[in-house]
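Secondary and tertiary structure notes
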Amino acid sequence: MNTFLKGMSILVVATFLGEVVEFLVNMILARELGESGMGHYMTILPTIFLIMMLASFELPVSISKMIAEKDESYHRSMISHAIRLAVVFTTVLLIAVAIVLPIIPVFNDYHPLLKWVVLSLIPVMTITAIARGFFMGKQDMGKIAISHFVRRAVQLILLSALFQFFEFGSETALLVAFCTLAGSELVVFLYLLHYFIMSYQSIKRVPGKHVSGREVRKSLVEVSVPTTGLRIFHSLTHAVQPFLIKFAIVSAGLSSEMATEQFGMMAGIAMTIGFFPAFIAHSFLIILIPTVSKAYAEKEFFKLQKLLQQVMLLTLLYGLPAVTAFYFLAEPLTMTFFHSKQAAVFLQLLAPYFLFHYFTIPMQAYLIGLGLVKDAFIHSVYATIVTFALIYLVGSRPDWGMEGVIVGMNTGSMVILMLHYLTICKKIGITWFAKSPIKDSRY
């Protein structure tokens, strides 16, 4: 538990500093690109992030789980097989993206070199993912924390320097902004690769045991494929949800312009404030996957139960004060940072959504560590169905509107949290009447 808390503390501090730096990065981008340029930047950014996510193939999750579960004597063989798999996957993805990217219409509005910048990120992201997964599995959270902060800091330095000493046209300025993003990823790649090579050299001096390539590929694919699918599913639902919300409140009687304004206040202001404390939950996500994987591989059910209690308590200790502050200080917060009084109501109504979200992220990490990635995916599907159904059925009623939409979002977040929690309890032997470890008959 001391190792867990130490790693957690390092990640929280580094992630918080990274969030502050990212806020400064967004301020520079908004100032230098202008409203139109920022709109173009935010339009293409999800597509670039999707390609980066595909390039990583969720290897940080699958490799960290595999490393945590196995003795160090197996690590050299496992990493060798993982690198071979990553090389093949990267080659295939590079060819596929090189074919598809030129025919995506949205890229026609940007500098021609942007496509090459995106292509160059693919091998960088894949190799970085291997190194990150290795250090996560070894629970060397210091390097993970530093890499998170370095990414933001390098982008801030590059943006400040380039826009301070050079003048760019609108199209070139956008390209420069994306190049600084790629540059920050390259620096993180070099940092992690350096320490990964040093660690790999030390592993080679330890007498190693062989693991078959088929076994390693099976372990990686069993985690990476459903986890990647889960990420893609979230990306698609997040892309559809804004249109559904606006359709629902227009059906409730609002004009299209008013619906867009209300959605902007909810998504751009209320959710920006409400999701800020979630950096702590994301720190839990990083450290819980290898910790839970190792404990479950060793059948330490009491440790898993104790860890779950600790995670829930820590989440409650920061989550409850955060949402309480959002509720009672909603108007000062929205007015101070965004000069919007109307968004305060949405921030108050979304308080349960944020609290459930803080709990759901570490619960998802628990499921991945327990080998229940498919369950996490199914839970997400169920919760999305409930959310979308209520958003339309309640949000389209004239007497509800956006308040009905938020009811749907709150309900969906509660559904996925309960499904995650009950599945975890069943897996690690927690019942309503006893807390003694119960060995899972499937293992």
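Remember, it's a predicted structure, so these values are computed and weren't measured experimentally.

Turn by turn, an α-helix covers 3.6 residues, leaving residues three or four places apart pointing in a common direction. Its 20 residues place the ends of helix 9 (residues 278–297) 28 Å apart at the C-alpha level, agreeing with the 28 Å of an ideal helix rising 1.5 Å per residue. The largest bend in helix 9 amounts to roughly 35 degrees and is located at Leu 288, with the proline Pro 290 lying one to four residues further along. Helix 9 sits mainly inside the fold: 16 of its 20 residues count as buried. The positive-phi residue at the C-terminal boundary of helix 9 is Lys 299, with phi of around 60 degrees.

It is worth spelling out helix 15 (residues 402–428) at this point. Along its 27 residues, helix 15 runs 39 Å from first to last C-alpha, staying within 8% of the 39 Å computed at 1.5 Å per residue. The first or second residue beyond helix 15 is Gly 429, which carries a positive phi of 90 degrees.

The next subject is the side chain of Gln 305. Relative to the elements of secondary structure, Gln 305 occurs in helix 10 (residues 301–328). A distance of 3.0 Å separates the side chain of Gln 305 from the backbone oxygen of Ile 428, its partner in a polar contact.

What follows deals with the domain arrangement of the protein chain. According to the domain assignment, the protein chain contains domain 1 (1–225) and domain 2 (253–442). The interface is formed by 23 residues belonging to domain 1 together with 22 residues belonging to domain 2. Of the roughly 2000 Å² buried where domain 1 meets domain 2, counting both sides, 82% is carbon and sulfur surface. The interface formed by domain 1 and domain 2 contains zero salt bridges. Those elements giving two or more residues to the side of domain 1 that touches domain 2 turn out to be helix 1 (2–56), helix 2 (59–69), helix 4 (114–137) and helix 5 (141–165). Broken down by element, the side of domain 1 that touches domain 2 gets its largest block of residues, 10 residues, from helix 1. Among the residues forming the side of domain 1 that touches domain 2, the class breakdown is 13 nonpolar, seven polar and three charged.

This prediction gives the protein chain a mean pLDDT of 86; 95% of its residues lie at or above 70. This model gives residues 433–443 a pLDDT under 50, and the stretch forms 23 contacts once residues within four places in sequence are excluded.

Now for the packing of helix 8 (residues 256–274) against helix 13 (residues 351–369). Put simply, helix 8 and helix 13 touch, their axes get as near as 10 Å, and they point 45 degrees apart. When the interaxial angle is binned, helix 8 and helix 13 end up oblique. Where helix 8 crosses over helix 13, the two elements pack in a sense that is right-handed. Together, Ala 270, Met 271 and Gly 274 of helix 8 and Tyr 353, Phe 354 and Tyr 358 of helix 13 make up the contact between the two elements. Class assignment of the residues belonging to the contact of helix 8 with helix 13 gives a composition of five nonpolar, one polar and no charged.

Cut-offs applied
Residues numbered from 1 in each chain as written. Predicted model: local features only at pLDDT ≥ 70, side-chain atom pairs only at ≥ 80, totals over all residues. Heavy atoms only, no water. Helix = DSSP H or I, 4+ residues; strand = E, 2+ residues; numbered from the N terminus. Expected span 1.5 Å × (residues − 1). Bend = angle between axes of the 7 residues up to and from the residue. Buried < 20%, exposed > 50% of the residue type's maximum accessible area, 1.4 Å probe, protein only. Polar contact = N/O pair within 3.5 Å; in protein donor to acceptor, adjacent residues only side chain to side chain. Domains from an automatic or database assignment. Contact = heavy atoms within 4.5 Å. Buried area = accessible area lost by both parts, 1.4 Å probe. Salt bridge = Lys/Arg side-chain N within 4 Å of Asp/Glu carboxyl O. Nonpolar A, V, L, I, M, F, W, Y, C, P; charged D, E, K, R; others polar. pLDDT = per-residue confidence, 0-100. Axes fitted to C-alpha atoms, helices over the stretch in contact; angles between N-to-C directions. Parallel < 35°, antiparallel > 145°, perpendicular 65-115°, else oblique. Left-handed = near helix turned anticlockwise from the far one by under 90°.

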